[in-house]
Amino acid sequence: MDKLVKAPHEDITYRIIGAAMAVHRRIGPGQKEIIYQRALEAEFEKVGLAFEAQKNLEVYDGERLIGYYIPDFIVEGKVIVEIKAFATLHQKYLGQVITYLNHTELSIGLLINFGERT
């Protein structure tokens, strides 16, 4: 019998997306990012997701520390969550999470845009 193979952190990402959808249903588009950040924090707590908000992630050039990335959330110590609130996302924002992932030890990232109507 074949076993269902899950993607890494699949359960966590489904819970994150579910939390974001709940926030979007309640608040809708058009708010400032800080409003969505606070609402998402409350929703993560409600659904039992451990998270760190605005955590400094060290960026190295070889062995030299050259700066920090500060994503909106690190969830369960595994998933970067970056949120935006734009009607249309510019290409630079689409690449932001990829840049974070390329320069940290984390391997999964989600960009959630609360600015679009669903």
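Relevant structure appears above.
Definitions and cut-offs
Residues numbered from 1 in each chain as written. Predicted model: local features only at pLDDT ≥ 70, side-chain atom pairs only at ≥ 80, totals over all residues. Heavy atoms only, no water. Helix = DSSP H or I, 4+ residues; strand = E, 2+ residues; numbered from the N terminus. Expected span 1.5 Å × (residues − 1). Buried < 20%, exposed > 50% of the residue type's maximum accessible area, 1.4 Å probe, protein only. Patch = residues over 30% accessible without salt bridge, like charges linked within 9 Å, V, L, I, M, F, W, Y side chains within 5 Å. Areas by Shrake-Rupley, 256 points an atom, 1.4 Å probe, with all protein chains shown as cover. Salt bridge = Lys/Arg side-chain N within 4 Å of Asp/Glu carboxyl O. Pairing = 2+ DSSP bridges. Axes fitted to C-alpha atoms, helices over the stretch in contact; angles between N-to-C directions. Contact = heavy atoms within 4.5 Å.

Participant: Just checking my understanding: could you explain helix α1 (residues 10–27) for this structure?
Facilitator: In an α-helix, one turn spans 3.6 residues, which is why side chains three or four residues apart end up on the same side. Helix length check: α1 (18 residues) gives 26 Å between terminal C-alpha atoms against 26 Å at 1.5 Å per residue, within 8%. Within the sequence span of α1, burial applies to Glu10, Ile12, Thr13, Ile16, Ala19, Ala20, Ala22, Val23 and His24. Of the residues one or two after α1, Gly28 is the one with positive phi, at around 75°.

Participant: Got a minute to help me understand a nonpolar patch on the surface in this structure?
Facilitator: The grouping of Tyr60, Leu65, Tyr68 and Ile70 at the surface amounts to a nonpolar patch, some 380 Å² of accessible area in total. Relative to the helices and strands, Ile70 is located in the loop between β3 (64–69) and β4 (73–75). By relative accessible area, which is 39% here, Ile70 ends up partly exposed.

Participant: Whenever I open this one, the sheet that holds strand β1 (residues 51–53) confuses me. Can you help?
Facilitator: Each strand in a sheet pairs with another by means of backbone hydrogen bonds, the pair being arranged parallel or else antiparallel. Pairing is mixed across the open sheet formed by 4 strands, whose spatial order is β1-β4-β5-β6. Since the sheet does not close on itself, it has two edges, and those belong to β1 and β6 (108–113), each with one partner. This sheet shows a mean twist of 20° between the axes of neighbouring strands, independent of strand direction. Looking at chain direction, strand β5 (residues 79–84) and β6 are connected through 6 bridges and run parallel. If you follow Val79 over to β6, its bridge partner there is Ile108.

Participant: So what exactly am I meant to see when it comes to the pairing of β3 here?
Facilitator: Two faces belong to every sheet, and in a regular strand the side chains alternate between them. Direction of pairing for strand β2 (residues 57–61) relative to β3: antiparallel, over a ladder of 5 bridges. Residue pairing across strands places Val59 opposite Gly67, the latter belonging to β3. Where β2 folds back on β3, the antiparallel hairpin that results is connected by 2 residues, among which Gly62 adopts a positive phi of roughly 70°.

Participant: Please clarify how the environment of Ile27 should be interpreted in this entry.
Facilitator: Here Ile27 is to be found in helix α1. Sequence separation between Ile27 and Phe114 is 87 residues, and the spatial gap between their C-alpha atoms is 9.3 Å. Ignoring any residue separated from it by four or fewer positions in sequence, one finds Ile27 in contact with Ile35, Tyr36 and Ala39.

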